[in-house]
Each structure stands twice: as structure tokens, then as C-alpha cells.
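Descriptive structure summary
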Amino acid sequence: MPLISVVIPLYNKGFIIKETLESVLEQTFTDYEIIIVDDGSTDNGYEVVKEFSDNRIHLFQQENKGAASARNLGIEKSAGIYIAFLDADDLWKPNHLDALHNLIVDMPSCALYCMGYIKQKSEKSKIRAQFGTIADGYKGVVRAYFKNSLPFTIAGMGAVAINKAKFIEVGGFAEGVTHGEDIELWTTLALQDKVALHNIATCLLYTSDAADERSSV
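I will try to describe carefully the structure that is included in this document.

A look at the side chain of K164
Tracing the backbone through its elements, the reader meets K164 in helix α6 (residues 164-170). Buried and unpaired, K164 has E33 as its nearest opposite-charge partner, separated by 6.7 Å. From its side chain, K164 meets the backbone oxygen of S78 in a polar contact 2.8 Å long. Each residue touching K164, except ones within four places of it in the same chain, is listed here: I75, S78, A79, G80, I81, Y82 and I83.

Following this line, the structure appears as C-alpha cells:
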């Protein structure tokens, strides 16, 4: 049984999923599996993933129901104790899962684990996420989660891991919600339980325009 299941919803990202998946396979931490749910794509993304021969990769398909449904199915199919999320057009630095694992070991009683990240709006526009008064490099339980989730949310999709049992307890992602379904879940967890943060940037989270630009380089 892997410690961490990496869940990736895939919808019409065939042009970029190879690079994203390679960033997971290059992790220095190795006790993980990858669950990819193709959400009714109409491009070649499914075929691109099938070209990978790594037995840690598990690929599923469903009719198009949205990212929330795809993530919920991915977690249903997962075997890990913790779930790490990544969107199909974002990237992890090689130390991302290792840093998340260390955060989990140091603070095992938290429901949500967050890493710092870089928001990429274009190849020339990279913004290091800042969280209220929390210093760069901070490692510990987040105080005043909502106050410090400005100007960037502390729990950025692609930069978080969740205790799977806690995820099941709160009911997962709200399906049918097309925007902000992740924020709703993080808010519920932050109201009920502790959130841990290691404020070093281990992720590149791309806007759609930046992902398109990256694929054409």
C-alpha cells in the first residue's frame, strides 16, 4: 500500500500531460501511486498517458462530469493513506512529495497539508504566493488560516495533500460545482481541523493561458 496517492483529473490536456506526469515521476520521494481520471476528454490525453509503462500509474475513464467528480473517483480508486492533488497542466519540483511527507511526519494530526507555490501567469510572469503575515520558510500549524489566505489562498490546488479518512468524513468535493469546489472543501477542513504549512515553493501552478503558452515553446 503506498503512503500517498497522487490524483490527477485529465480533461483535454493531451498537449501537456506528458510534462506534468514526468514531474511526478521525477520525485525524490517514491512511496506513491498515481491515479489519473480522464474526464471524457476529446483529445489524445488518454493515449499519451497509456504510453507510460510505470506500474505506479493507474488510468481510469469516465464520461465528462467535471473536475470535482474526477477527483472524487480518483480518491475512490486510490490505495494511499494521504491524497496529493495535481492538475494536468501544473508541475511539481522534484522535492515536492518529500517535503509534504516530512510535513506529515512532523504534524501527523492535521487534516490538510500545504506547500508554498509559484503562480505562473505566463512564461515571463511568475509570482511567489504570499500568505498574509506568514514568513517564507515557515513550517508548522497555520494560525488564522482565513486571515492569512490573502492575497493568495494557503491551500492551492496542486500544492496540498489531505488525510484520506478526513476527506471521506467531510464528503469529498461537491460535484456539480464548476468553480471553487476545492476552496469549499479546504474551508470546511480549516473550520473543523488543523492545517499545516511548509512555506517553501515546490509547485508551479499555471493559469490556462500560461499552460497553453508553455505547450507551444
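There's plenty left to go through after this.
Overview of helix α4 (residues 96-106)
Helical geometry note: an α-helix holds 3.6 residues per turn, so side chains three or four residues apart project in the same direction. Among the residues making up α4, those that are buried are H96, L97, A99, L100, L103 and I104. In an axial view of α4, the angular spread of the buried residues amounts to 160 degrees, which keeps them on one side of the axis.

A word on the layout of surface pockets
Of the volumes computed, that of the largest pocket is approximately 880 Å³. If you trace the largest pocket, you find 34 residues lining it, with A67, R71, D87, M157 and E181 closest to the centre. Of all elements in the fold, only β1 (4-10), α3 (67-77), β6 (112-122), α7 (181-192) and β10 (195-206) reach the threshold of two or more residues within the lining of the largest pocket. The biggest single contributor to the lining of the largest pocket is α3, with four residues. The class makeup of the residues in the lining of the largest pocket is 15 nonpolar, nine polar and ten charged.

Regarding the pattern of salt bridges
Here the structure, examined in full by the defined rule, presents eight salt bridges. Note that K13 is salt-bridged to D89, the shortest N-O span being 3.4 Å. Of this pair, K13 sits in the loop between β1 and α1 (17-25) while D89 sits in the loop between β4 (82-85) and β5 (91-92), and the two are 76 residues apart along the sequence. According to the relative accessible area criterion, K13 is buried, its value standing at 17%. A salt bridge links D136 to R128; the nearest nitrogen and oxygen atoms lie 3.9 Å apart. With a relative accessible area of 22%, R128 lands in the partly exposed category.

What about unusual backbone geometry?
Keep in mind that most residues, glycine aside, have a negative phi and that most peptide bonds are trans. Cis peptide bonds are those with omega within 30 degrees of zero, and the linkage from L150 to P151 qualifies with 0 degrees. Within the element layout of this structure, P151 appears in the loop between α5 (145-148) and β9 (160-163).

Section: the side chain of N72
Considering the arrangement of structural elements, one finds N72 in helix α3. By relative accessible area, N72 is classed as buried at 14%. Within polar-contact distance, the side chain of N72 engages the side chain of E175 at 3.0 Å. For N72, the contacting residues outside a window of four places in its chain are F167, G172, F173 and E175.

Some details on the environment of A174
Relative to the helices and strands, A174 is located in the loop between α6 and α7. Expressed as a C-alpha distance, the spacing of A174 and K126, which sit 48 residues apart in the sequence, is 30 Å. Every residue in contact with A174, bar those within four places of it in the chain, is listed here: A68, E181 and E184.

Criteria and cut-off values
Residues numbered from 1 in each chain as written. Predicted model: local features only at pLDDT ≥ 70, side-chain atom pairs only at ≥ 80, totals over all residues. Heavy atoms only, no water. Helix = DSSP H or I, 4+ residues; strand = E, 2+ residues; numbered from the N terminus. Buried < 20%, exposed > 50% of the residue type's maximum accessible area, 1.4 Å probe, protein only. Lys, Arg positive; Asp, Glu negative; His and termini not counted. Salt bridge = Lys/Arg side-chain N within 4 Å of Asp/Glu carboxyl O. Polar contact = N/O pair within 3.5 Å; in protein donor to acceptor, adjacent residues only side chain to side chain. Contact = heavy atoms within 4.5 Å. Arc of directions from axis to C-beta. 1 Å grid on protein atoms, 1.4 Å probe; cavity = no way out; pocket = protein on both sides within 12 Å on 5 of 7 lines; lining within 4 Å. Points joined across faces, edges and corners; volume = space filled by probe spheres on them. Nonpolar A, V, L, I, M, F, W, Y, C, P; charged D, E, K, R; others polar.

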